[in-house]
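Inside the fold
Below are the chains, spelled out letter by letter.
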Amino acid sequence: MFEVSERLKNLPPYLFAEIDRKKKKLISEGHDIIDFGIGDPDLPTPENIVEAMKKGVGNASYHRYPIGKGMADFRKAISEYYRENCQVEIDPDSEVCVLIGSKEGIAHFPWAFLNRGDITLVPEPCYPVYHIGTRLSEGTPFFMPLKSEKGFLPDLGSIPSGAAEKARIMYLNYPNNPTAAFATRDFLMEAISFCKKHGIILAYDAAYSEIYFEEKPVSFLSLPGAKDVGIEFNSLSKPFNMTGWRAGWACGNASLVAGLAKIKENIDSGTFEAVQFSGVEALRNGRKSTEEMRKIYRSRRDLLVEGLRKAGFDAQAPGGAFYLWLKVGGSSIDFADDLLGRGKIVVTPGVGFGPSGEGFIRFSLTIGEERIKEAIGRINKLRGKN
Ligand SMILES: Cc1ncc(COP(=O)(O)O)c(C=O)c1O
């Protein structure tokens with residue numbers, strides 16, 4: 001038995017382990033579990049993208065090591081996507097780096113820009129990779145609570161000046177996982193000027209930028225000054241149901257992109273070029289499928305919100321990000337545990353994303369309508385309603 005490093009030992013415990021264990025046990029006992037836990041699209045990758053992959057796999061030139069920051073054509077398609085969707089000019093040569101999924105880039109980014117003891121400003125509740133990436137590169141996260149009364153936007157005015165002075169990176173993520181909140185233009189402008197004032201890098205996680213149901217989210221990079229301080233992480237995963245393919249990108253400030261690319265050059269050898277070739281197809285010809293997907297999620301959302309309201313919950317309809325963040329009060333672990341034990345329904349306890357997530361649970365809208373109806377029936381039964 002070998003001992004792991006202090007670095008690994010210092011990572012926080014996995015809070016969902018107990019729920020995972022119970023879920024597996026119930027499944028092995030033959031129970032019918034309805035799983036709202038996993039934020040992973042259930043629908044297949046659109047056919048035209050799968051066909052592009054088949055063609056790509058047959059191209060022997062894609063069988064070799066991928067090229068540096070990514071294939072020129074894929075970087076060009078990314079740049080076109082930003083021009084057409086966000087009215088932003090991104091130079092495909094100096095302002096884009098292809099990633100093995102945005103998670104990989106987010107995790108490696110602090111290696112390029114943090115020194116030991118540097119602070120990162122991390123929203124909580126959050127996607128855990130921001131603070132874990134910080135810890136793995138020997139930095140210290142300073143958490144910015146996201147509260148419902150502030151629209152789940154951090155209160156930048158309450159960050160102590162000492163923390164702001166020592167901070168090197170601020171992470172933001174909208175549409176947000178897990179709260180499904182959207183950022184306002186005013187807030188993002190405030191964040192850009194805060195980062196400029198304190199010399200902080202703004203690392204913007206836009207993984208859900210294409211998952212919206214009514215209003216399109218504000219594009220971070222389209223805001224004046226964003227590229228002076230910022231880098232955006234984005235991905236093929238959610239808009240094209242491609243989570244398993246592992247393809248994303250970072251784009252924005254050229255020096256930030258170059259730093260990340262240099263770290264990656266020393267660690268990995270890039271994304272399979274047949275996948276990047278399929279990514280070109282996705283970005284150039286996949287818009288219609290994403291629109292269809294939005295309709296499906298919107299309809300699931302409406303069904304779940306209505307069902308939860310009828311069951312007596314104060315369910316707020318999310319504007320995007322395929323999550324529903326429900327206030328349940330009390331211990332979110334106990335609530336999720338009870339729902340699993342008696343209802344055979346898996347949800348994610350909010351506290352697992354950070355202390356400010358306590359009192360909330362997260363439903364992922366990545367299951368079909370029949371199963372959502374079945375879940376609502378079970379929840380009503382548990383609450384003595386029909
Ligand atoms: C907020 C957020 N960012 C990034 C990711 C990573 O996505 P990928 O690595 O598939 O691009 C996820 C995945 O669930 C996420 O929820």
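Everything below is about the structure printed above this text.
What counts as what
Residues numbered from 1 in each chain as written. Predicted model: local features only at pLDDT ≥ 70, side-chain atom pairs only at ≥ 80, totals over all residues. Heavy atoms only, no water. Near = heavy atom within 4 Å. Polar contact = N/O pair within 3.5 Å; in protein donor to acceptor, adjacent residues only side chain to side chain. Areas by Shrake-Rupley, 256 points an atom, 1.4 Å probe, with all protein chains shown as cover. Pairing = 2+ DSSP bridges. Helix = DSSP H or I, 4+ residues; strand = E, 2+ residues; numbered from the N terminus. Contact = heavy atoms within 4.5 Å. Axes fitted to C-alpha atoms, helices over the stretch in contact; angles between N-to-C directions. Parallel < 35°, antiparallel > 145°, perpendicular 65-115°, else oblique. Nonpolar A, V, L, I, M, F, W, Y, C, P; charged D, E, K, R; others polar. Salt bridge = Lys/Arg side-chain N within 4 Å of Asp/Glu carboxyl O. Buried < 20%, exposed > 50% of the residue type's maximum accessible area, 1.4 Å probe, protein only.

Points about the site of the ligand
- Within the structure, the ligand sits among 14 residues, and Asp 205, Ser 235, Ser 237, Lys 238 and Arg 246 are positioned closest to it.
- Contact between the ligand and Tyr 208: an oxygen atom at 2.8 Å from a side-chain N or O atom of the residue.
- Interatomic distance of 2.6 Å between a side-chain N/O atom of Ser 235 and an oxygen atom of the ligand.
- Protein contact buries 93% of the 400 Å² of open area that the ligand shows by itself.

Some points on the sheet that holds strand E9 (residues 323-327)
- With antiparallel pairing, three strands are arranged side by side in an open sheet as E9-E12-E11. In this open sheet, the two strands that pair with only one neighbour each are E9 and strand E11 (348-349).
- Taken together, the five bridges between E9 and strand E12 (residues 360-364) define a ladder with antiparallel strand orientation. Counted as the bridge partner of Trp 325 is Arg 362 from E12.
- Packing of helix H12 (residues 287-310) onto the sheet brings it into contact with E9 and E12, and relative to E9 it is tilted by some 15 degrees.

What to know about the packing of helix H2 (residues 17-28) against helix H13 (residues 332-343)
- Between H2 and H13, the shortest axis-to-axis distance is 11 Å and the interhelical angle comes to 0 degrees. In terms of orientation, H2 and H13 fall into the roughly parallel class. The segment H2 lies against H13, with Ile 19, Lys 22, Lys 23 and Leu 26 engaging Ala 336, Asp 337 and Leu 340.
- Looking at the contact of H2 with H13 residue by residue, the class counts come to four nonpolar, no polar and three charged.

Structural notes on the side chain of Asn 253
- With respect to the helices, strands and loops of the structure, Asn 253 is situated in the loop between strand E8 (248-252) and helix H10 (254-265).
- Side-chain polar atoms of Asn 253 contact the backbone oxygen of Lys 227, separated by 2.9 Å.
- Of the polar contacts made by the side chain of Asn 253, one reaches the backbone oxygen of Asp 228; its length is 3.3 Å.
- Leave out the neighbours within four places in its chain, and Asn 253 touches Lys 227, Asp 228 and Gly 230.

Some words on the pattern of salt bridges
- For the structure on display, the rule yields 31 salt bridges.
- Here Glu 104 ties to Lys 264 by a salt bridge, and the two come within 2.8 Å at their closest N and O atoms. In this pair, Glu 104 is assigned in helix H5 (residues 102-113) and Lys 264 in helix H10, connecting sequence segments 160 residues apart.
- The class of Glu 104 is buried, set by a relative accessible area of 12%.
- The exposure class of Lys 264 is buried, given its relative accessible area of 5%.
- With a shortest N-O distance of 2.8 Å, Arg 301 and Glu 214 are connected by a salt bridge. Of this pair, Arg 301 sits in helix H12 while Glu 214 sits in the loop between strand E6 (201-205) and helix H9 (226-229), and the two are 87 residues apart along the sequence.
- Given a relative accessible area of 5%, Arg 301 falls into the buried group.
- Among the ionic contacts, a cluster of salt bridges with common partners joins Asp 32, Arg 371, Glu 374 and Arg 378.

Some thoughts on the environment of Glu 281
- Considering the arrangement of structural elements, one finds Glu 281 in helix H11 (residues 273-285).
- Sequence separation between Glu 281 and Asn 48 is 233 residues, and the spatial gap between their C-alpha atoms is 7.4 Å.
- Contacts of Glu 281, omitting those with residues within four sequence positions, involve Asn 48, Ile 49, Ala 52 and Gly 286.
- Within polar-contact distance, the side chain of Glu 281 engages the side chain of Asn 48 at 2.8 Å.

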